[in-house]
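Overview (structure and organization)
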Amino acid sequence: NYNTKRVFDISQTDAEAQPQEKQYDIRQLVKALFHTGACQAEIRDDLPGDKLAVYDSHRKRILLRRGTPGDENLFRAYSCEMTMAYLDTSGNALRKDSAFTAMCSSYVVCRRFGLDTSSFNFRFIPDQCGDMDAKEMRSKLKEIRECAVRICGDMTQYLEKAQKQPKSTEAR
């Protein structure tokens, strides 16, 4: 028995090449993330543990540890807390309920902009995810996607706008 199928050689196609993803410097990405945030950032000395960023739902601010370098670790922490801010619609978001969603959204944002994602740990999925039926799981995935799309879209818009503006440098 033969199952014949019609196939195409690559030379027989006329699809246009996909545009290359733009590569951004980490400082540009951090700046874009700060300018497109759901809330203001505040630099503090007294963050709990070794956290680089924490969302304060009562004051609607993301608190950043003083002296944190503007690198990928800051980007990951800030994007995670920005997702917490987006998820906080009622003003009293519970960290334990939103932490996994925020981490997943931050992972998607980091992947989108080509940052290292090896530090994300998905070995421990919350118990609440294990008890979900298919409809609840789709809803959770939709929530993750919506947050990531919102952050990526805002950042891309800021980055494109910044690229179009002429750099104002004075000749000396």
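Predicted model, so just to flag it, every value in this text is computed and none were measured.

1. Some details on the overall build of the protein
From N to C terminus, the protein includes five helices and three strands. Listing each helix as α and each strand as β along the protein from the N terminus yields α-β-β-β-α-α-α-α. Seen along its three principal axes, the alpha-carbon backbone of the protein occupies a region of about 70 × 65 × 30 Å. Counting the 172 residues in the protein, one finds 34% classified as buried. Across the protein, the fraction of contacts at a sequence separation of at least 24, relative to all contacts at a separation of at least 6, is 58%. Carbon and sulfur atoms provide 49% of the accessible area of the protein, an area that totals close to 12500 Å². Each charge sign in the protein was given a centre, from 28 positive and 25 negative side chains, and these centres are 3 Å apart.

2. What about the packing of aromatic side chains?
This model, assessed by the stated rule, comprises six aromatic pairs. Here the aromatic cluster, defined as three or more aromatic residues joined through ring pairs, consists of Phe100, Tyr107, Phe120 and Phe122. Stacked on the ring of Phe113, the Lys or Arg Arg112 has its end atom at 4.8 Å from the ring centre.

3. Examining helix α1 (residues 26-35)
Regarding α1, the residues found buried are Ile26, Leu29, Val30, Ala32 and Leu33. Considered in projection along α1, the buried side chains sweep an arc of 160° and stay on one side of the axis. Seen from the buried face of α1, the exposed residues on the opposite side, beyond 90 degrees, are Arg27 and His35. Elements in contact with the buried residues of α1: α2 (72-87) and α5 (134-164).

4. Looking at the confidence of the model for the protein
Of the residues in the protein, 92% reach a pLDDT of 70 or more, and the chain-wide mean stands at 83. Taken element by element, the predicted model of the protein shows its lowest mean pLDDT in helix α4 (residues 127-130) (75) and its highest in α5 (91).

5. Side note on the packing of α2 against α5
Closest axis-to-axis distance for the α2/α5 pair is 10 Å, and the angle between their directions is 115°. As for how α2 packs across α5, the hand of that crossing is right-handed. Contacts from Phe75, Ser79, Met82, Thr83, Tyr86 and Leu87 in α2 reach Glu143, Cys147, Arg150, Ile151, Asp154 and Met155 in α5. Class assignment of the residues belonging to the contact of α2 with α5 gives a composition of seven nonpolar, two polar and three charged.

6. Digging into the sheet that holds strand β1 (residues 40-44)
Ordered by their spatial adjacency, three strands build an open sheet running β1-β3-β2, and the pairing between neighbours is mixed. Since the sheet does not close on itself, it has two edges, and those belong to β1 and β2 (53-56), each with one partner. Each adjacent strand pair in this sheet contributes to an overall mean axis angle of 30°, direction not counted. As defined by bridge partners, β2 adjoins strand β3 (residues 61-65) across four bridges and the pair is classed as antiparallel. If you follow Asp56 over to β3, its bridge partner there is Arg61. Along the sheet, α2 contacts β1, β2 and β3; its crossing angle with β2, the most-contacted strand, is approximately 15°.

Cut-off values and rules
- Residues numbered from 1 in each chain as written.
- Predicted model: local features only at pLDDT ≥ 70, side-chain atom pairs only at ≥ 80, totals over all residues.
- Heavy atoms only, no water.
- Helix = DSSP H or I, 4+ residues; strand = E, 2+ residues; numbered from the N terminus.
- Buried < 20%, exposed > 50% of the residue type's maximum accessible area, 1.4 Å probe, protein only.
- Contact = heavy atoms within 4.5 Å.
- Areas by Shrake-Rupley, 256 points an atom, 1.4 Å probe, with all protein chains shown as cover.
- Lys, Arg positive; Asp, Glu negative; His and termini not counted.
- Charge placed at Lys NZ, Arg CZ, Asp CG, Glu CD.
- Phe/Tyr/Trp six-rings, centres within 6.5 Å; stacked < 30°, edge-to-face > 60°.
- Lys NZ or Arg CZ within 6 Å of the ring centre and 35° of its normal.
- Arc of directions from axis to C-beta.
- pLDDT = per-residue confidence, 0-100.
- Axes fitted to C-alpha atoms, helices over the stretch in contact; angles between N-to-C directions.
- Left-handed = near helix turned anticlockwise from the far one by under 90°.
- Nonpolar A, V, L, I, M, F, W, Y, C, P; charged D, E, K, R; others polar.
- Pairing = 2+ DSSP bridges.

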